[in-house]
Amino acid sequence: MPQLLSDLRVVEVSAFIAAPLGGMTLAQLGADVIRIDPIGGNIDYRRWPVSDANGTSLYWTALNKGKRSVTLALDTPQGRELAQAIITASGENAGILLSNLPASGWMGYDALSAKRADLIMLRLTGNPDGSAAVDYTVNCASGFPMATGRGGEPVNHVLPAWDVAAGLYLATGLLAAERHRRRTGQGQEVTVALADVMLATVGNLGYFADVRVNGAVRQPIGNDLYGAYGHDFPTKDGRRAMAVAISNRQWRALGKATGLADKLAMVGPLMGVDMDDEGGRFQARDAISAVLAPWFAARTLVEVEAAFTGSGVLWGPYRDFGQLVAEDRRCTTANPLLREIEQPEVGPLLVPGSPLSFPALGERTDHRPAPVLGQDTDAVLGDLLGLSSAEIGRLHDEKVVG
């Protein structure tokens, strides 16, 4: 897989989730991604979760796999000059900066493009006006926490959905800008606001239109599936399973596998809805769940799995992170996505490569560890900027590089 983007060089100056995820997405596809941090690491370098053994951030290592790490004294003129030189270094497929940090002064587009006219800069902001925002402050306004749960207080989810989506937008935008430069020779500054990622998603899922056309606001309905049938059920052994029937075939499979097809068929006439329509099943969801609940309650999760395997029923077990790692067959090296690697300062880890699969390229080679902070500083200064070992040694003595 590295041959896909092996001729692309991207410099990343970032922190937290969105930009590091965007950079890692490109690195896993083969790009040479050089992350520049201040000496000692940026504000995300010790973020939880951390290793109990030595405090190494498992979060940081997870989001920086496959990159090269350079550390510079970015609070000094010489350190900033070196960072600018790395960002704007020559190369047909280089001169690309990815960042979610404030871009002004030495890291502003005008300053960098003055050193390389075809510079491409991908920059994430919080709000469209450039003011600050993070996933949690964007999410609270999105409407989703108000539609989560069973009513009452808003419920935040722990998945940083807007950061994840923004990171993938950054990677996509970077590749689009690079393709434009190939055709025209023109660089540019591309910006995306975290709040705009949220707004685009809400609009793309039809919720703007629902308000405008129907005057409706989606209400919190717990774990039920909105607009079709889906519900969660406790099992005999204290576990929980989600069953979903979107298509008519899935609906019939659920009735057949549970042996409750005849009883479920009675729900439609009683409720006055068409059970061959997903909207009708949504309206009758409470009655349907009342029929199904005793079946789940009488069986363990293993017995539920045995009954549903190969039946055509769309279902899944609820798991915490520990149960996911321990129980899910997809979360093993039998899945090509995952591989055991040795992560410096941590030890052996099960890590994912890119979720994208390219069978025509042969064996996957995108499972690479995160660098030790600053481990590639000397190599980048030497190979990219042409500095001699004596010059690099002097920079170390002067504490300009880490």
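For the structure, see preceding data.
Residues numbered from 1 in each chain as written. Predicted model: local features only at pLDDT ≥ 70, side-chain atom pairs only at ≥ 80, totals over all residues. Heavy atoms only, no water.

## So, the overall build of the protein chain
Helix and strand counts for the protein chain stand at 17 helices and 11 strands. By principal-axis analysis of the C-alpha atoms, the protein chain measures approximately 85 × 50 × 40 Å. When contacts within the protein chain are restricted to residue pairs at least 6 apart in sequence, long-range pairs at least 24 apart make up 67% of them. Of the roughly 20,000 Å² that the protein chain leaves accessible, carbon and sulfur atoms contribute 56%. Taken together, the 36 basic and 44 acidic charged side chains of the protein chain have centroids lying 5 Å from each other. (Helix = DSSP H or I, 4+ residues; strand = E, 2+ residues; numbered from the N terminus. Contact = heavy atoms within 4.5 Å. Areas by Shrake-Rupley, 256 points an atom, 1.4 Å probe, with all protein chains shown as cover. Lys, Arg positive; Asp, Glu negative; His and termini not counted. Charge placed at Lys NZ, Arg CZ, Asp CG, Glu CD.)

## Brief notes about the pattern of salt bridges
Per the counting criterion, the structure on display carries 20 salt bridges. Put simply, Arg182 and Asp7 hold a salt bridge, and the shortest N to O gap is 3.5 Å. Linking Arg182 in helix 6 (residues 161–184) with Asp7 in the segment before strand 1 (9–13), this pair joins segments that are 175 residues apart in sequence. On the basis of relative accessible area, Asp7 is assigned to the partly exposed category, the value being 43%. (Salt bridge = Lys/Arg side-chain N within 4 Å of Asp/Glu carboxyl O. Buried < 20%, exposed > 50% of the residue type's maximum accessible area, 1.4 Å probe, protein only.)

## Structural notes on the environment of Ala176
You can see Ala176 is positioned in helix 6. Accessibility expressed as a relative area gives 47% for Ala176, which makes it partly exposed. Residues Ala176 and Pro344, 168 residues apart in the sequence, show an inter-C-alpha distance of 34 Å.

## Details of the pairing of strand 4 (residues 96–99)
Of the two faces of strand 4, the one lined by Ile96 and Leu98 and the one lined by Leu97 and Ser99 are each fully buried. Note that strand 1 and strand 4 share three bridges and pair parallel. Bridging across to strand 4, Glu12 finds its partner in Leu98. One ladder, built from four bridges, connects strand 4 with strand 5 (residues 120–125); its direction is parallel. For Ile96, the partnering residue across the bridge sits in strand 5 and is Ile120. (Pairing = 2+ DSSP bridges.)

## Overview of the environment of Gln3
One can find Gln3 in the segment before strand 1. Note: C-alpha distance between Gln3 and Gly40 (37 residues apart in sequence) is 32 Å.

## Considerations on the sheet that holds strand 7 (residues 229–234)
Overall, antiparallel pairing links the three strands, which are arranged 7-8-9 in an open sheet. The outermost strands of the open sheet, each flanked by one partner alone, are strand 7 and strand 9 (314–317). Within the sheet, the average angular offset between the axes of one strand and its neighbour, ignoring direction, is 15 degrees. Packed on one face of the sheet, helix 13 (residues 285–297) meets strand 7 and strand 8 (240–245) and runs near 35 degrees to strand 7. Here helix 14 (residues 301–308) sits on the sheet and contacts strand 8 and strand 9; the angle it forms with strand 9, its principal contact strand, is near 155 degrees. (Axes fitted to C-alpha atoms, helices over the stretch in contact; angles between N-to-C directions.)

## Quick word on a negative patch on the surface
A surface patch of like charges, here negative, comprises Asp274, Asp276, Asp277 and Glu278. Residue placement: Asp276 occurs in the loop between helix 11 (267–271) and helix 12 (278–283). Owing to a relative accessible area of 52%, Asp276 belongs among the exposed residues under this scheme. (Patch = residues over 30% accessible without salt bridge, like charges linked within 9 Å, V, L, I, M, F, W, Y side chains within 5 Å.)

## Some details on helix 1 (residues 18–28)
Of all 11 residues making up helix 1, 10 are buried, and the element is well covered by its neighbours. Those residues of helix 1 that sit buried are Ala18, Ala19, Pro20, Leu21, Gly22, Gly23, Met24, Leu26, Ala27 and Gln28. Once helix 1 finishes, Gly30 follows within two positions and takes phi at roughly 110 degrees, a positive value.

## Considerations on the packing of aromatic side chains
Applying the stated criterion to the full structure yields 10 aromatic pairs. Aromatic pair Trp295 and Phe308: ring centres 5.2 Å apart, planes at 15 degrees, arrangement stacked. With Trp295 in helix 13 and Phe308 in helix 14, this pair connects stretches of sequence that are 13 residues apart. Given the relative accessible area of 2%, Phe308 is considered buried. Aromatic ring contacts, followed pair by pair, group Phe233, Trp295, Phe296, Phe308 and Trp315 into a single cluster. The ring of Tyr59 has Arg47 lying over it, and the distance from NZ or CZ to the ring centre is 4.9 Å. Here Arg285 stacks its cationic end above the ring of Phe282, 4.1 Å away from the centre of that ring. (Phe/Tyr/Trp six-rings, centres within 6.5 Å; stacked < 30°, edge-to-face > 60°. Lys NZ or Arg CZ within 6 Å of the ring centre and 35° of its normal.)

## So, the nonpolar core
Counting residues in each nonpolar core, the largest one holds 29 residues, and the members touching the most others are Leu8, Val10, Leu26, Leu98, Leu170 and Leu174. For this core, the elements supplying multiple residues, two or more each, are helix 1, strand 4, strand 5, helix 6 and helix 7 (194–204). If one sorts the elements of this core by residue count, helix 6 sits on top with six residues. Leave out the neighbours within four places in its chain, and Leu170 touches Ala18, Ala19, Leu98, Leu122, Arg123, Leu124 and Val192. Of all hydrophobic cores here, the second largest spans 24 residues; its members include Ile34, Ile36, Leu74 and Leu395. (Core = buried A, V, L, I, M, F, W, Y, C linked by side-chain atoms within 4.5 Å.)

## Brief notes about the sheet that holds strand 2 (residues 32–38)
Strand order in this open sheet of six strands is 3-2-1-4-5-6, and the pairing throughout is parallel. Lying at the two open borders of the sheet, with one neighbouring strand each, are strand 3 (68–72) and strand 6 (188–193). Going from strand to strand, the sheet's axes swing by 20 degrees on average, the running direction of each strand aside. Relative to strand 6, helix 7 is tilted by about 60 degrees, and along the sheet it contacts strand 5 and strand 6.

## Section: the packing of helix 9 (residues 248–258) against helix 13
For the pair helix 9 and helix 13, interaxial distance at closest approach is 11 Å and the crossing angle is 35 degrees. Considering only the axes of helix 9 and helix 13, their crossing is left-handed. Contacts between helix 9 and helix 13 pair Trp251, Leu254, Ala257 and Thr258 from the former with Ile288, Leu292 and Trp295 from the latter. A breakdown of the residues in the contact of helix 9 with helix 13 according to their chemical character gives six nonpolar, one polar and no charged. (Left-handed = near helix turned anticlockwise from the far one by under 90°. Nonpolar A, V, L, I, M, F, W, Y, C, P; charged D, E, K, R; others polar.)

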